[in-house]
Amino acid sequence: MEPEDLNPAETPEPQQPPEPPAEPQQPLEPPAEPQQQPEQQQSSDWNWGFSLEEIFRLALKFFKEMNGKAFNPTYEENLRLVALHKQVSLGPFNPNTSPEIGFFDVLGNDRRKEWARLGSMAKEDAMEDFVKLLNSCCSLFAPYVTSHKIEKEEQGRRLREEEERLRAEREEQERQDEEKKRQLKLEEERRKQEEEVRRKQEEDLLLLLEQKQQIMAALNAQTTVQFLRYAQQQFPDSPEQQQLLIQQLQEQHYRQYIQQAYQVEQKQQDSAVTQASQVTSHSDDMESVKNAINQSESQSPEPKPCHLFLGRSPGEVAVLAPSMWTRPQIKEFKEKMAQDAESVITVGRGEVLTVRVPTHEDGAYLFWEFATDHYDIGFGLHFEWPNSDGTTARTLPESASENQQAGGAEEEKDQSESCNGTSVPNVTEVVPIYRRDSHEEVYAGSHHYPGQGVYLLRFDNSYSLWRSKVVYYRVYYTR
């Protein structure tokens, strides 16, 4: 800001009486606006971002240090600055409290007159006039204030950086403390786990030693006489060597016994795995078979009377009801079945597809599982009895039209063949055909063989006129 902009606003005699009469003689207002613009700019820029007290202290310090050195104000400006300083520090002029000044003290009298001319000016106004007057009469004051402003901002920045650094150090220290606590906790847990493992190992070792002592005691009871006679033959004149040899023979006998027991157990496990692999029609693991058997045993209802019977006359022998259940692992089941192309079939729209599964001579139960993509499907299970000559006939149609002509289970019961003058049913309905939500869960079940014959797994999509259904299924038998 240039000093010339502040000169019009800083008159040494603001309370002159001739100024008010001059205003009516100015008829035009626009010329006065340019004179007010510097004042507006001065009012907004004179403090350089400092508070009134801060900028006044800087101005007073500059005046005391630089007066007569860096700048030389006029006599009137100097009187005005001194009077404004007294107005700020002592308040308005009071002749009763002010000391007497000699008649020949011209400077003192002029300063007192200038001070009295200020009247009852407020302290804040006196501070502002002091700063503005000093800025108008000295061009070095603005750079002086600017340098202090930059220094103040730099100090503030350094203070903020220091606070930020201290805060970061505190947070880092807290984080390190938390990390140490966590490490100590983990170390404590690890020590506890190691102690638990060590204690368990000691217990297992003691148990093994106890078992070994029991087994060796039982073995020694059987072989003591034999080993004693053998040792006497080897060392007839040395009881110490006889005892040492007996101990060696007993230890060797124990190791041989343990090795033979391990081999027997391994053979039994291998035999069990081989039998389980023969049970399933696909290369399924033992866990799936055990789960299926456990689920069938836990969820199978009690046998209930069925309207289809095994025998030459109705009601002679009842066919046991099947056990059926669901499990939610549909995604894993479909991924596993997708690896075998024969385990994935497509049932066309409006069709019924029949899968024929003969009974196995080594089996006693039939197990089945199936699931579909996106949509449900109808499912039913039938059992086809052999003819009198031991063969079976495909009495269930595989197309929708032939299935509709068959008329369902009631008409299938009417299909029969003559055998020694008696009539026996050729097909038995085990599970009626119902729509299953197989796209949400895996549907599974088991059925005890009623005899030798062929199971017919029927996947019914006859109700769907627009969509084909992809079916993932698995069928196996077990004892």
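Residues numbered from 1 in each chain as written. Predicted model: local features only at pLDDT ≥ 70, side-chain atom pairs only at ≥ 80, totals over all residues. Heavy atoms only, no water.

Participant: Describe the side chain of Glu384, listing the residues and the values that go with them.
Facilitator: Secondary-structure assignment places Glu384 in strand S7 (residues 377-384). In this structure the side chain of Glu384 is engaged in a polar contact, spanning 2.9 Å, whose partner is the side chain of Arg356. (Helix = DSSP H or I, 4+ residues; strand = E, 2+ residues; numbered from the N terminus. Polar contact = N/O pair within 3.5 Å; in protein donor to acceptor, adjacent residues only side chain to side chain.)

Participant: Describe in detail the nonpolar core, supporting the description with residues and values.
Facilitator: Judged by nonpolar contacts, the single largest core of 31 residues is most densely connected at Trp48, Ile55, Phe130, Leu134 and Phe141. Elements with a minimum of two residues in this core: helix H4 (52-66), helix H5 (75-90), helix H7 (123-137) and helix H8 (141-234). The leading source of residues in this core is H4, at eight residues. Counting 23 residues, the second-largest nonpolar core is a separate cluster that includes Val347, Trp385, Tyr443 and Val471. (Core = buried A, V, L, I, M, F, W, Y, C linked by side-chain atoms within 4.5 Å. Buried < 20%, exposed > 50% of the residue type's maximum accessible area, 1.4 Å probe, protein only.)

Participant: Just give me the short version of the pairing of S7, but keep the residues and values in it.
Facilitator: The element S7 is extensively covered by neighbouring structure, given that eight of its eight residues are classed as buried. On S7, burial covers both faces: Ile377, Phe379, Leu381 and Phe383 on one face and Gly378, Gly380, His382 and Glu384 on the other are all buried. Sheet topology note: the S7/strand S10 (residues 427-436) ladder contains seven bridges and is antiparallel. Looking across to S10, one finds that Phe379 is bridged to Tyr434. Direction of pairing for S7 relative to strand S12 (residues 454-460): antiparallel, over a ladder of seven bridges. Across the sheet, Gly380 pairs through a bridge with Arg458, a residue of S12. (Pairing = 2+ DSSP bridges.)

Participant: I'd like to hear about the sheet that holds strand S3 (residues 323-327), residue by residue, with values.
Facilitator: Across a sheet, paired strands are connected by hydrogen bonds in the backbone, their directions being either parallel or antiparallel. What the five strands build is an open sheet, ordered S3-S11-S6-S13-S4; its pairing is antiparallel. Of all the strands in the sheet, just S3 and strand S4 (344-347) have a single pairing partner and so form its edges. Each adjacent strand pair in this sheet contributes to an overall mean axis angle of 25°, direction not counted. In this sheet, strand S13 (residues 469-478) lies alongside strand S6 (residues 365-372) in antiparallel orientation, the contact comprising eight bridges. Residue pairing across strands places Phe367 opposite Tyr476, the latter belonging to S13. Strands in contact with helix H11 (residues 330-337) are S3, S4, S6, strand S11 (442-448) and S13; relative to S13, the strand with the most contacts, it is inclined by about 85°. (Axes fitted to C-alpha atoms, helices over the stretch in contact; angles between N-to-C directions. Contact = heavy atoms within 4.5 Å.)

Remember, this is a structural readout, not a statement about activity or role.
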